[in-house]
Amino acid sequence: MSDERIEQLLEEANALKRQALTAQQEAMTLQREALSEQRQLIADTRANLDIARGVNERAAELQQRARRILALLLPVILVLIAYVSWLLFFKVRI
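Residues numbered from 1 in each chain as written. Predicted model: local features only at pLDDT ≥ 70, side-chain atom pairs only at ≥ 80, totals over all residues. Heavy atoms only, no water.

**What about the overall build of the protein?**
Phase 1 of the analysis: A count of helices and strands for the protein gives 1 helix and 0 strands.
Phase 2 of the analysis: By the compact-globule yardstick of 12 Å for 94 residues, the protein is too spread out, its C-alpha radius of gyration being 40 Å.
Phase 3 of the analysis: Each principal axis of the C-alpha atoms in the protein carries an extent, and together these give about 135 × 20 × 15 Å.
Phase 4 of the analysis: Here the protein holds 94 residues, and 1% of them are scored as buried. (Helix = DSSP H or I, 4+ residues; strand = E, 2+ residues; numbered from the N terminus. Rg over C-alpha atoms; globule rule 2.2 N^0.38 Å. Buried < 20%, exposed > 50% of the residue type's maximum accessible area, 1.4 Å probe, protein only.)

**Side note on a negative patch on the surface**
Phase 1 of the analysis: Taken together, the side chains of D3, E4, E7, E11 and E12 present a region of like negative charge at the surface.
Phase 2 of the analysis: Here E11 is to be found in helix 1 (residues 3-89).
Phase 3 of the analysis: Take E11: its relative accessible area is 47%, and that puts it in the partly exposed class. (Patch = residues over 30% accessible without salt bridge, like charges linked within 9 Å, V, L, I, M, F, W, Y side chains within 5 Å. Areas by Shrake-Rupley, 256 points an atom, 1.4 Å probe, with all protein chains shown as cover. Salt bridge = Lys/Arg side-chain N within 4 Å of Asp/Glu carboxyl O. Lys, Arg positive; Asp, Glu negative; His and termini not counted. Charge placed at Lys NZ, Arg CZ, Asp CG, Glu CD.)

**Examining the pattern of salt bridges**
Phase 1 of the analysis: Scanning the entire structure with this criterion turns up 1 salt bridge.
Phase 2 of the analysis: A salt bridge links R53 to D50, with the shortest nitrogen-to-oxygen separation between them at 2.8 Å. With a gap of 3 residues between them, R53 and D50 both fall in helix 1, about one helical turn apart.

**Some details on the packing of aromatic side chains**
Phase 1 of the analysis: Applying the stated criterion to the full structure yields 1 aromatic pair.
Phase 2 of the analysis: Plain terms: the ring middles of Y83 and W86 are 6.2 Å apart, the flat faces sit at 25° to each other, and that makes the pair stacked. In this pair, Y83 and W86 are both assigned in helix 1, 3 residues apart and thus about one turn of the helix distant.
Phase 3 of the analysis: Judged by its relative accessible area of 46%, Y83 falls in the partly exposed class. (Phe/Tyr/Trp six-rings, centres within 6.5 Å; stacked < 30°, edge-to-face > 60°.)

**Considerations on the environment of I81**
Phase 1 of the analysis: Within the fold, I81 resides in helix 1.
Phase 2 of the analysis: Judged by relative accessible area, I81 falls into the partly exposed class, the value being 48%.
Phase 3 of the analysis: Taking C-alpha positions, I81 is 51 Å from T45, a pair spaced 36 residues apart along the chain.

**Points about helix 1**
Phase 1 of the analysis: With 87 residues, helix 1 should cover 129 Å at 1.5 Å per step; its first-to-last C-alpha distance of 122 Å lies within 8% of that length.
Phase 2 of the analysis: In the structure, helix 1 departs most strongly from a straight axis at L73, where the bend amounts to approximately 25° and where the proline P75 lies between one and four residues downstream. (Expected span 1.5 Å × (residues − 1). Bend = angle between axes of the 7 residues up to and from the residue.)

**Structural notes on a nonpolar patch on the surface**
Phase 1 of the analysis: A surface patch of nonpolar side chains, amounting to about 650 Å² of accessible area, comprises I69, L70, L73, L74, I77, L78 and I81.
Phase 2 of the analysis: Mapped onto the secondary structure, L74 falls in helix 1.

The following block contains the structure:
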């Protein structure tokens, strides 16, 4: 093999190495961007979970209040129904 051919092959090999390094650098850049986006998504998801937790806590408080009010109103309603029924059916009409 001539010196020129060897030199040409070495230059081609170096060019291929440079291309490979460039491709690797681009891939690393894309991976960093993807990782950054994933971290942002995780942060957003955590924020959404905190908001959802707050909403669920408020909903649970409302349910507790509704149960207490129902526990107070139900006996009153039943007594009123019984009283109206007594007035309609059992009271002597004059």
